[in-house]
Amino acid sequence: MRLERRAAGVLAYLALEGPAPRSRMAGLLWPDSPERTARNNLAQTLRRLRRAALGYEAAGGDEVLRLAEGLEADAAQLVLLSFQGRYAEVLALQGELLQGYDYDDCPDFAEWLLAEREHLADLWREALVQEAERLERGGDLRAALALVSSLVRADPVSEEGCRRLMRLYYLLGDRGAALSAYHRLQATLRREMGLEPLPETQALAREIAQGMVLPAQGPPLRREIPLALLCPPVLSGREGEWALLEGAWEGGKAIFVSGEPGIGKSRLMLDFAASRGPWFLMEARPGDAAVPFATLARGLAQALGDHPALPLPDWVRLELSRLLPALAEEPPPPVRSAEVGEDRLRLLAALGEVMRLLGEAGVKTLVLDDLQYMDPASFEAAIHLIHRSLSPQPGLSPRFIGSFRTGELAPGALATVQQLGEAGLILQVELNPLSPPAVGRLLETLGLPGLDPAGLAPLLSRHTGGNPLFLLETLRALWQSGGLQRPPERFPIPHRVKELIAHRIGTLSPAALRLAQVAVVAGEGFDLELAARVLAAEPLDLAEPWAELEAAQILREGRFAHDLMREALREGIPAPLQTHLHRQVALALEETQAHPAQIARHWLWAKEAERAARWWLLAGQHYQERSLYAEALAMLEEALAHGQEEATRAEAQLQMADVYREERRYREAEALLLTLLAGPLPLRMRALALRALAYLCIGDHPRAAGYALEAYRLAQKLGDEELTHLTRTAYAAALWGLGRIAEAVGLLEPELPRAHPDPRHRIRVFAYLGALYAHQGRFAEAYPLLEEAHCLALGQDPYWRVLVAAFLVGADVERGQPLTHLSLAQAARALGSFDVSEYLELVLARAYLEAGEFDQALGCLQNSPAEVLGPAYACLGRAYRSQAHLGLGQEAAAREALKEALALAEGLEGAPRALAQVAVAASRLGEAVQALLARISPEALGPADRRSLLEAGLAPNLPDPA
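As the structure is a prediction and not an experimental result, all values here were calculated from the model.

**Student:** Quick question: what am I supposed to make of the overall build of the chain here?
**Tutor:** Counting its secondary structure elements, the chain contains 47 helices and 10 strands. Considering only C-alpha atoms, the chain reaches an extent of 125 × 80 × 45 Å along its principal axes. In the chain, which comprises 962 residues, the proportion classed as buried is 55%. Counted over contacts in the chain with a minimum sequence separation of 6, partners at least 24 positions apart contribute 67%. A total accessible area of about 42,000 Å² is found for the chain, and carbon and sulfur atoms account for 53% of it. When the 97 positive and 124 negative side-chain charges of the chain are each reduced to one mean point, those points stand 2 Å apart.

**Student:** Where do I start with the UniProt feature "domain: Bacterial transcriptional activator" (unreviewed entry) in the chain in this structure?
**Tutor:** Here, UniProt's "domain: Bacterial transcriptional activator" (unreviewed entry) annotation points to residues 73-209. Along residues 73-209, the helical share is 75% and the strand share 0%, with 47 Å between the first and last C-alpha atoms.

**Student:** Help me understand the packing of helix α29 (residues 609-625) against helix α30 (residues 629-642) in this model?
**Tutor:** Any two packed helices are characterised by the angle at which their axes cross and by the distance between the axes. It is at 8 Å that the axes of α29 and α30 come closest, and there the two elements cross at 165°. On the basis of their axis angle, the class for α29 and α30 is roughly antiparallel. Along this stretch, α29 crosses α30, giving a crossing that reads as left-handed. For the pair α29 and α30, the contacting residues are A609, E610, A613, W616, L617, A619, G620, Y623 and Q624 in the first and Y629, E631, A632, M635, L636, E638, A639 and H642 in the second. Broken down by class, the residue content of the contact of α29 with α30 amounts to 11 nonpolar, three polar and three charged.

**Student:** What am I meant to see in the pattern of salt bridges here?
**Tutor:** Across all of its chains, the model carries 56 salt bridges by this definition. With its nearest N and O atoms 3.2 Å apart, the salt bridge here joins R164 to E160. One end of the pair, R164, and the other, E160, are both in helix α8 (residues 159-171), four residues apart, so they sit about a helical turn from each other. Judged by relative accessible area, which is 13%, R164 ranks as buried. Overall, E160 belongs to the partly exposed group, its relative accessible area being 44%. A salt bridge links E241 to R238, with the shortest nitrogen-to-oxygen separation between them at 3.4 Å. The residues E241 and R238 share a single accessibility class, namely buried. Connected through salt bridges with shared partners, the residues E814, R846, E850, R913, D945 and R947 form a single ionic network.

**Student:** I would appreciate a short explanation of the sheet that holds strand β2 (residues 59-60) in the present structure.
**Tutor:** Strand pairing in a sheet relies on backbone hydrogen bonds. The paired strands run either parallel or antiparallel. Read across the sheet, three strands follow the order β1-β3-β2 without closing on themselves; strand pairing throughout is antiparallel. Every other strand in the sheet has two partners, leaving β1 (20-21) and β2 as the edge strands with one partner each. Two elements, β1 and strand β3 (residues 64-67), share two bridges in a ladder whose sense is antiparallel. Among the inter-strand pairings, P21 is bridged to a residue of β3, identified as V64.

**Student:** How should I be thinking about helix α45 (residues 912-924) in this particular structure?
**Tutor:** Every α-helix carries 3.6 residues per turn, so stepping three or four residues along brings you back to the same face. With 13 residues, α45 ought to run about 18 Å at 1.5 Å a step, and its terminal C-alpha atoms sit 18 Å apart, in line with that. Judged by how many residues are buried, α45 sits mostly within the fold: 10 of 13 residues are covered. For α45, the full list of buried residues reads P912, A914, L915, A916, Q917, V918, A919, V920, A921 and A922. Looking at the buried side of α45, the elements it contacts are α35 (721-737), α41 (837-851), α43 (871-887), α44 (891-905), α46 (930-934) and α47 (943-951). Once α45 ends, the next one or two residues include G926, with phi positive near 80°.

**Student:** Just to check I follow, could you spell out the packing of aromatic side chains for this structure?
**Tutor:** Think of a pair of aromatic rings as described by two things: how far the centres are apart, and how the planes are tilted against each other in angle. Applying the stated criterion across every chain yields a total of 14 aromatic pairs. Considering the side-chain rings of F109 and W112, the 5.2 Å spacing of their centres and the 40° angle between planes classify their relative orientation as tilted. Here W112 and F109 lie together in helix α6 (residues 107-137), a separation of three residues that amounts to about one turn. Owing to a relative accessible area of 0%, F109 belongs among the buried residues under this scheme. Centre to centre, the rings of W736 and F807 are 5.5 Å apart; their planes meet at 65°, and the pair counts as edge-to-face.

**Student:** Help me out: how do you make sense of the pairing of strand β6 (residues 365-369) in this one?
**Tutor:** In regular strands, side chains alternate between the two faces of the sheet. Among the five residues of β6, five are classified as buried, and the element is accordingly described as predominantly covered. Burial of the side chains of β6 extends over both faces: T365, V367 and D369 are buried on one face and L366 and L368 on the other. Alignment of strand β5 (residues 279-283) against β6, held across five bridges, turns out to be parallel. Bridging from a neighbouring strand, L281 pairs with V367 of β6. By the bridge criterion, four bridges tie β6 to strand β7 (residues 399-405) in an arrangement that is parallel. From the neighbouring strand, V367 faces β7, where its bridge partner is I401.

**Student:** Can you walk me through the sheet that holds strand β4 (residues 254-259) in this structure?
**Tutor:** If you trace the five strands from one edge of the open sheet to the other, you get β5-β6-β7-β4-β8, paired in parallel fashion. The outermost strands of the open sheet, each flanked by one partner alone, are β5 and β8 (426-430). Sheet twist, expressed as the average angle between the axes of neighbouring strands with direction ignored, equals 15°. As paired elements, β4 and β8 share five bridges and run parallel to each other. Note that in β8 the partner of F256 across the bridge is Q428. On the sheet, helix α18 (residues 411-422) packs against β4, β7 and β8 and is oriented at approximately 115° with respect to β8.

**Student:** Would you explain the pairing of β7 in this entry?
**Tutor:** In terms of residue burial, β7 counts as a mostly covered element, since seven of its seven residues are buried. Burial along β7 is two-sided: R399, I401, S403 and R405 facing one way and F400, G402 and F404 facing the other are all buried. For β4 and β7, the ladder comprises five bridges, and the chain directions are parallel. Pairing of I255 across the sheet is with I401, part of β7.

**Student:** Looking at this structure, I do not really get the confidence of the model for the chain. What am I missing?
**Tutor:** Do not read the fine detail of predicted coordinates wherever pLDDT is low. For the chain, per-residue confidence averages 86 on the pLDDT scale, and 92% of positions sit at 70 or higher. Low pLDDT, under 50, characterises residues 335-340; the predicted model gives this stretch 20 contacts beyond four residues in sequence or across chains.

**Student:** For this particular structure, what's the right way to read unusual backbone geometry?
**Tutor:** One non-glycine residue with positive phi stands out, namely L54, at about 60°. Inspection of the secondary structure puts L54 in the loop between α3 (35-52) and β2. The backbone of K607 shows a phi angle near 65°, a positive value even though the residue is not glycine. Relative to the elements of secondary structure, K607 occurs in the loop between α28 (596-605) and α29.

**Student:** What is the right way to look at α43 in this model?
**Tutor:** Between its first and last C-alpha atoms α43 spans 24 Å; for 17 residues at 1.5 Å apiece the expected length is 24 Å, and the two agree. Within α43, 14 of the 17 residues are buried, leaving the element largely enclosed by the surrounding structure.

**Student:** Sorry, what's going on with the side chain of R566 here?
**Tutor:** As for its placement among the helices and strands, R566 is situated in helix α26 (residues 563-571). A relative accessible area of 10% places R566 in the buried class. What R566 contacts, discounting residues up to four positions off in sequence, is P286, Y373, V520, R559 and F560.

**Student:** Help me understand the environment of E422, please; the structure alone is not making it clear to me.
**Tutor:** With respect to the element layout, E422 can be found in helix α18. The sequence separation of E422 and E906 amounts to 484 residues, and the corresponding C-alpha distance is 55 Å.

**Student:** Just checking my understanding: could you explain the packing of α8 against helix α10 (residues 199-210) for this structure?
**Tutor:** Across the interface, α8 lies against α10 with an axial gap of 10 Å and an inter-helix angle of 10°. Taken together, the axes of α8 and α10 are roughly parallel relative to one another. Contacts between α8 and α10 involve E159, R163, M166 and Y170 from the first element and E200, T201, L204, A205 and I208 from the second.

**Student:** Help me understand the side chain of R611 in this model?
**Tutor:** Note that R611 resides in helix α29. Overall, R611 belongs to the buried group, its relative accessible area being 18%. Excluding anything up to four places from it in sequence, R611 contacts R66, E69, R583, L587, E590 and W603.

Procedures and definitions
- Residues numbered from 1 in each chain as written.
- Predicted model: local features only at pLDDT ≥ 70, side-chain atom pairs only at ≥ 80, totals over all residues.
- Heavy atoms only, no water.
- Helix = DSSP H or I, 4+ residues; strand = E, 2+ residues; numbered from the N terminus.
- Buried < 20%, exposed > 50% of the residue type's maximum accessible area, 1.4 Å probe, protein only.
- Contact = heavy atoms within 4.5 Å.
- Areas by Shrake-Rupley, 256 points an atom, 1.4 Å probe, with all protein chains shown as cover.
- Lys, Arg positive; Asp, Glu negative; His and termini not counted.
- Charge placed at Lys NZ, Arg CZ, Asp CG, Glu CD.
- UniProt positions renumbered as here; feature names shortened; annotations may be inferred.
- Axes fitted to C-alpha atoms, helices over the stretch in contact; angles between N-to-C directions.
- Parallel < 35°, antiparallel > 145°, perpendicular 65-115°, else oblique.
- Left-handed = near helix turned anticlockwise from the far one by under 90°.
- Nonpolar A, V, L, I, M, F, W, Y, C, P; charged D, E, K, R; others polar.
- Salt bridge = Lys/Arg side-chain N within 4 Å of Asp/Glu carboxyl O.
- Pairing = 2+ DSSP bridges.
- Expected span 1.5 Å × (residues − 1).
- Phe/Tyr/Trp six-rings, centres within 6.5 Å; stacked < 30°, edge-to-face > 60°.
- pLDDT = per-residue confidence, 0-100.

Here you go:
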């Protein structure tokens, strides 16, 4: 089926460039039309394409067009096969991209098409060359000749192709054909360009004419670089800096070393650290900044791997499992503190304990290399640990030495370093280039045969500017070319060393070059398994190119030997290939379940911003589950910024609102949710559900009930079973708070027989229904449900254990046996701080009041936990405090608490328990209570509140239930 011209253009563009906004495609293919007309034309073209394909949607998407999953294009396949080195398969894909189509009326698209045609033609010619070389090495000269003949026909003035053709004819015994090929080239060059063949082509013709034996075709020989050039045996020219480091060490200061790339920061730090005893290196890497705690998590994993016997306490393991999940068998407790800055205290304390234990294990120094790449969360933690290491008590943890590139440290991080320096807590040393005498001393330490340090030092110093890396790279290039035996007339000019690196890269085999390119694009995630997936190869097949990269000092233990090597390689990768490689890396990382933020970054670089945004949503969820809220919001902001579908952006806003809710930033949550209420019904439903949860958290049960009911009805209308369950439960909880117990029970009882596969679903039903039954005095039905909920909660997020513990203690209070589950509640308190934790403290305070343990009750109320939950629970907490003070004989304090409770009670709607307990406190202090009692519905009170009113002599004043 021959496609319509513009439809073919759309498919080709999406196949090679990846997803593209509709506006971009419309502008490329209808450049002279207004945007609305162009977009309409595009829609019509896609509709006709779908009709021609019998309903198959080859390309689609709302705002962003993408090819259908599974749809393959031969042009994209050619790019992939070429990169994977599958040259025989590349050669099977012949023909020109969009052959026969003309796009003169679409100049931008025509320019793109021309560039892509040239790129694909280059890949096809390269495949011809590589496959011909393989066949020649394997002895199949005739098959190699057929391929090279095709190459020469495609490019008659290619001298490289002609030399290959001449060589193969000669090796097959046809000297005449070989010389005829030369004469055809000579005539073509003279006729079309007025040139003679290159000297090497003329030399080959002479050798063939004379019948000389030609050397075997093979890769260029590589001269092995001496170890002294790879790592000079002596640190030269840094005596002054060394003395400064010693002074800082003796003065108890941390040390930061800065300088330009290649100036020798790492060598100086590591040599100095080694002189002080055992040390540990934590390296930040490119790409870390996009993934919170990336540097710290990797360094921590390495430290624990190097010291497996480190006696980590259980609480430390649990906290560190936020970064290294394998350290704990259960999920870490979220940090849900309302106080700014408290979110990370336990995590930082755990890191400090690891540092202390490393110190006890003998580690004297922690070296932090390449701080300019470190993510902000890791940098914050590192600064915290540096402060700990500066404690006047010796031996608490290792000392710190860090390095960063001048001009590349983030402004906030640089300001922190400068503040530490101004406070006299650290020494910052800026490394300068080596002086000419220092260059001479460095050359003397190398001990290379034929090297004249005295004669070479001034020349090299001037040529390299005294940068040790540039100097060594120059020497390595001279060594490989045999130029060290005498001072060269001119040194290799590295344009800041990149040309030298490019020369070394140029000696690589195609397989090693492809592997290096994958390493560049993959960044931090690069390893043998990932490379094998991207290159569609077996790991064993990559052993030889991997060893070649290590031998050439391009890779060192799987990482680039230095950053300039990576940058030079990156510059040599064409932009379309970089885009393609990022896509392959992203797919491979998806298969290995890598960190979502890492995957997102590669999809963004693959020009698939919408796909990246979806992974940032998952990254936000990942951090939210660990209560790392700042990181969660950063990921969600990325999703919001790069999401191209309205649904993706709305999902990012919903998740952000949920994070704000968990952080108790209710106003910000409410502001976000308000913007979503005008959206489609599914979006409105979820926004209403979140609003209901937010108001439940602050104890505003009337509003919570209104939003939950509306969301519940929408969920039923849309047939969303999971949200129907969630909103039904939220509505029941709000009704409970309003004292409408029978309605709440009626909502939840139909869910009881359902064996839902999600244990959290069953926990909600069992816990809330059990608590409601207890409120009705139906204890025989309540406790089995609550005990079952507790058993299920043991395998879930600790939040559920705290919630069920609160409900169990509440049931004990209703039954009149308030301390039955005290030990379970105390264990739940130790799990961490949650929004439900304050509710547990209120329930425990009531339990201690019922048991006559007034000091314990005040202890539960001392931080005013109810205040973060809203006026209803704040009022209840003041009433409990008044009763506890009165029980201890502290009447003045009791009256003060009652005064606050009464003020809060005036504005309450519903809240029967709070009103009842304020009435009890007021009655015991001789205050009038009739106005309060008149606001209480009898059905709303549970056994415990009725009992306390009876004990206060208020039961006759209750309205008649009839």
